[in-house]
Amino acid sequence: MSAVQKRIDALRAQIEHHNQLYYEQATPAISDREFDRLLEELKRLEVEHPEFASPDSPTQRVGGKPIEGFTSVTHREPMLSIDNSYSADDLREFDTRVRKLLGGEAVTYVVELKIDGVAMSLTYENGVFTVGATRGDGEQGDDVTHNLRTFPDVPLRLPEAPAHFEARGEVYMTRADFAQNNRERIAQGQEPAANPRNFAAGSLKLLDPKACRRRRLRFFSYALGPCEGVEVKTHLEALDLLRRYGFSVNPHIASFDTIDAVIEYCTGWATKRHDLPYETDGMVIKVNDFAQRKKLGTTAKSPRWVIAYKFAAEQGITKLISIDIQVGKLGTLTPVANLEPVKLAGTTVKRASLHNADFLETKDIRVGDTVVVEKAGEIIPYVIRSEPEARTGSEKAFRFPTTCPSCGSPVERDKNGTFYRCTGGRKCTAQIKEVLRAYARRSAMDIEGLGEKVIEQLVDEGLVNSIPDLYRLTLDQVAGLERMGKKSARNLLDGLEASKTRGLARLLAGLAIQHVGDSVADLLANEFGSIDALMEASPERLNQINGIGPIMADAIHAYFHEDHSQGIIEDLRALGLKLTQDKRPSPAQAGGADLAGKTFVVTGTLAKYQREEIEALIRQLGGKASGSVSKNTSYLIAGEKAGSKLDKAKQLGVPVLTEEEFETMIQTQG
Ligand code: IVH
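Draft legend 1. Looking closely at the overall build of the chain. Broken down by element type, the chain carries 26 helices and 24 strands. Its C-alpha atoms give the chain principal-axis dimensions of roughly 85 × 70 × 65 Å. Counting the 670 residues in the chain, one finds 48% classified as buried. In the chain, the share of contacts with a sequence separation of at least 24, taken over all contacts with a separation of at least 6, comes to 68%. Only carbon and sulfur atoms are counted for the fraction: they give 50% of the accessible area of the chain, which is about 32100 Å².

Draft legend 2. Expanded view of the site of the ligand. Taken together, the residues surrounding the ligand are Ile 82, Glu 112, Leu 113, Lys 114, Ile 115, Ala 119, Glu 170, Tyr 222, Val 284, Lys 286 and Pro 303. In the environment of the ligand, a nitrogen atom lies 3.0 Å from a nitrogen or oxygen atom belonging to the side chain of Lys 286. Relative to its unbound accessible area of 530 Å², the ligand is 85% covered by the protein chains. Counting residues per element, the ones that place at least two in the shell around the ligand are strand E3 (109–115) and strand E10 (280–287). Sorting elements by how many residues they give to the shell around the ligand places E3 first, with 4 residues. Residues that form the shell around the ligand fall into these classes: 7 nonpolar, no polar and 4 charged.

Draft legend 3. Seen up close, the sheet that holds strand E5 (residues 128–134). The 4 strands are arranged E5-E4-E7-E8 in an open sheet whose pairing can be described as antiparallel. In the strand order of this sheet, the two ends are held by E5 and strand E8 (218–224), each with one partner. Sheet twist, expressed as the mean angle between neighbouring strand axes with direction ignored, is 30°. Helix-sheet contacts for helix H7 (residues 196–204) involve strand E4 (118–125) and strand E7 (164–172), and the interaxial angle to E4 is about 40°.

Draft legend 4. Highlighting empty space enclosed by the protein. Scanning the entire structure with this criterion turns up 1 cavity of 30 Å³ or more. Space inside the largest cavity adds up to approximately 50 Å³. Lining the largest cavity, in full, are Glu 112, Leu 113, Ile 115, Phe 220, Ser 221, Tyr 222, Leu 239, Val 249, Asn 250 and Ile 253. Put simply, the parts of the chain that give the lining of the largest cavity at least two residues each are E3 and E8. Taken together, the residues of the lining of the largest cavity break down into 7 nonpolar, 2 polar and 1 charged.

Draft legend 5. Inspection of the nonpolar core at higher detail. If you look at the biggest cluster of nonpolar residues, it comprises 55 residues, and the most contacted ones within it are Tyr 471, Leu 508, Leu 524 and Phe 560. Other than its neighbours up to four places away in sequence, Leu 508 contacts Ile 513, Val 516, Ala 521, Leu 524, Ala 525, Ile 531, Leu 534 and Phe 560. Ranked by size, the runner-up nonpolar core spans 33 residues in total, among them Val 118, Val 144, Leu 204 and Phe 247.

Draft legend 6. Spotlight on helix H19 (residues 518–528). All of the buried residues along H19 are Val 520, Ala 521, Leu 524, Ala 525 and Phe 528. Here the buried residues of H19 occupy an arc of 135° about the axis, which is enough to place them on one side. Where H19 is buried, its residues touch helix H18 (504–510), helix H20 (531–536), helix H21 (539–543) and helix H22 (550–560). Of the residues trailing H19, Gly 529 is marked for its positive phi of about 75°.

Draft legend 7. Spotlight on the sheet that holds strand E24 (residues 656–657). The 4 strands are arranged E22-E21-E23-E24 in an open sheet whose pairing can be described as parallel. Of all strands in the sheet, those with a lone pairing partner are strand E22 (624–626) and E24, marking the two edges. When strand E21 (residues 599–603) meets E22, the two strands line up parallel, connected through 3 bridges. Note on E22: the bridge partner recorded for Phe 600 is Ala 625. Packing against the sheet, helix H24 (residues 611–620) makes contact with E21, E22 and strand E23 (635–638), and its axis sits at approximately 170° to E21. In the packing of helix H25 (residues 644–652) onto the sheet, the strands contacted are E21, E23 and E24, and the crossing angle to E23 comes to about 145°.

Draft legend 8. How the structure looks around unusual backbone geometry. Even without glycine at this site, His 355 takes up a positive phi of about 65°. Mapped onto the secondary structure, His 355 falls in the loop between strand E14 (347–353) and helix H12 (357–362). The residue Asp 364 is not glycine, and still its phi comes out positive at about 45°. Note on placement: Asp 364 falls in the loop between H12 and strand E15 (366–367). A relative accessible area of 33% places Asp 364 in the partly exposed class.

Draft legend 9. Structural view of the packing of helix H13 (residues 429–440) against helix H14 (residues 452–460). Direction vectors running N to C along H13 and H14 enclose 140°, while the axes themselves pass 10 Å from each other. With respect to their mutual orientation, H13 and H14 come out oblique. Like other packed secondary-structure pairs, H13 and H14 cross with a definite hand, here right-handed. On H14, the residues touching Thr 429, Ile 432, Lys 433, Leu 436 and Arg 437 of H13 are Glu 452, Ile 455, Glu 456, Val 459 and Asp 460. A breakdown of the residues in the contact of H13 with H14 according to their chemical character gives 4 nonpolar, 1 polar and 5 charged.

Draft legend 10. Structural context of the side chain of Thr 59. For Thr 59, the position within the fold is in helix H3 (residues 59–62). Among the polar contacts listed, one links the side chain of Thr 59 to the side chain of Glu 46, at a separation of 2.7 Å. Within the local environment of Thr 59, its side chain forms a polar contact with the side chain of Ser 57, the two groups lying 2.9 Å apart. With near-sequence residues (within four places) excluded, Thr 59 lies in contact with Leu 39, Leu 42, Lys 43 and Glu 46.

Draft legend 11. Expanded view of the packing of helix H4 (residues 88–101) against helix H10 (residues 259–272). Look at H4 against H10: their axes get within 10 Å of each other, and the N-to-C directions meet at 145°. At the point where H4 passes H10, the crossing takes the right-handed sense. The residues of H10 that touch H4, namely those facing Ala 88, Leu 91, Arg 92 and Asp 95, are Ile 259, Asp 260, Ile 263 and Cys 266.

The rules behind these values
Residues numbered from 1 in each chain as written. Predicted model: local features only at pLDDT ≥ 70, side-chain atom pairs only at ≥ 80, totals over all residues. Heavy atoms only, no water. Helix = DSSP H or I, 4+ residues; strand = E, 2+ residues; numbered from the N terminus. Buried < 20%, exposed > 50% of the residue type's maximum accessible area, 1.4 Å probe, protein only. Contact = heavy atoms within 4.5 Å. Areas by Shrake-Rupley, 256 points an atom, 1.4 Å probe, with all protein chains shown as cover. Near = heavy atom within 4 Å. Polar contact = N/O pair within 3.5 Å; in protein donor to acceptor, adjacent residues only side chain to side chain. Nonpolar A, V, L, I, M, F, W, Y, C, P; charged D, E, K, R; others polar. Pairing = 2+ DSSP bridges. Axes fitted to C-alpha atoms, helices over the stretch in contact; angles between N-to-C directions. 1 Å grid on protein atoms, 1.4 Å probe; cavity = no way out; pocket = protein on both sides within 12 Å on 5 of 7 lines; lining within 4 Å. Points joined across faces, edges and corners; volume = space filled by probe spheres on them. Core = buried A, V, L, I, M, F, W, Y, C linked by side-chain atoms within 4.5 Å. Arc of directions from axis to C-beta. Parallel < 35°, antiparallel > 145°, perpendicular 65-115°, else oblique. Left-handed = near helix turned anticlockwise from the far one by under 90°.

Below you can see the structure in the form of structure tokens.
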């Protein structure tokens, strides 16, 4: 072995050692400067002697440069969510269903802790770590590879080289690191993070991997994603493989043949879990055998072979100091309690929802009362009741304001008497801000650069009063805002421009129509194909749609018959927004085209489809849409300005289709 290679090996071992120490102890053995010196030397040697460079060198973990922004990754197979259960009876029902669907076969369940963190998928091509992505909306997540590379428990190279390997799991922050990181935040004059999960999620969004590394995040792997070239038949085998490949697998895993034993194990953890060094919000129960999983299949939302058992909500007692009124996007006034801080499920709770006016009255909750607050996992805390016995006489009944705290318009009570609503409509700045927030949200129009702070300023400065106003903003207006340079102003305008082609479903999701969330918006867009067709639909016609009931139908109809909404839609049309959407053909309509077993990658700009649309179409027809080209890609669909993916496809001999060729393919097939 040459002297250089020896030095490289020695440096790598030393750096890995200090890396581990850094993660294991709050006080590492050497200073950051010394650490950087070792790293610099190694980097230099690797540059001078590229023959010794290696994807699993520690230089790959800590040396990364900040990235410019996030790109999204389409998961090869969606990251589904799991059904929740809250009681022993729920678990027994789950067991009955499983056994029934399996025709009475014997079943083994594997029970694991449900780690309260951020779901993640790590991809390895030929044994080398290529992409780490968040769950996102299940179909597409954010590429956070640059940050994941810094985790000591994310192997950069596997001991074997399966063609494609995906490890799924949870990124989390230990309680100790959470406390330490929060102390640092406070010392720097920043607001502390609310809980370890939020802190972990926020850290993953850092563009600079060095900053992320300082947060000492960790990763537990608990499942395989789609893989090629690995043979595993059960979940326990999968966990063994993950361990052998160098992943951290949580040690608290048990398997049982009866649901009673599962229940006993789960309830045993309800208190023990507080002694763990990280947070958990329940248990996960999985059918062990993969052949049985296949038989059980999945519903639209979640697999039938797995269930989460959530621990009971935690309650705390504290004092209600005062009540604020928040104005929602449709003008609903929500009372929010300001509380004396109370520790609940590992977090300090200072604010909690009081639901609505009716709740305050019927539960007779008064300012100054002692109240019971409840928090279950990720759900916002709620006030459950007050304790009238604890009253001293100084408590005051809360009077709902008769005018909107934001715009001063009169407040009116709804038909059922449950809610108060501000009548200010588009004159109420609080409502406008909420509408814009809902519009810019990721699953709606996904407008880059239009965050809460910017919306706040745009409305307060009088530059934006409605959704169409957003598209009338000029560069100078935006650049004139506080803490906005020309560059961020340009970004916002580009973000707005890009949003114009999102299509009908996303637009409907963003319009703040009562009862219309993302999935109803999708349903409507697919049913009508254009906003004009939707606007003409009668309540009866709407009610006929599977998934839309009479109340929703009336609300949708009413929305499209208000002058104000009609004005908005006409403005958006004039501003060039896409108000249509190609309907998803059913496989039968598309001539029975069957893309089963075929994997497509889409790259570049297409003329007719948004990326999400064509990918949805591929899936609809039974094919797979993937984000990266490998030798297993069946076709690359390349639009304008296709770049590295096209090169890679050519290199690997993957057939390349134009958009038209793809359309011909699905029309002539089957
Ligand atoms: S299995 C399709 N196992 O819980 C099933 N999930 O509420 C794949 N989670 O999105 C998930 N610990 O982020 C599984 N031991 C565990 C888990 C776990 C935490 C998270 C995961 C998932 C969420 C569902």
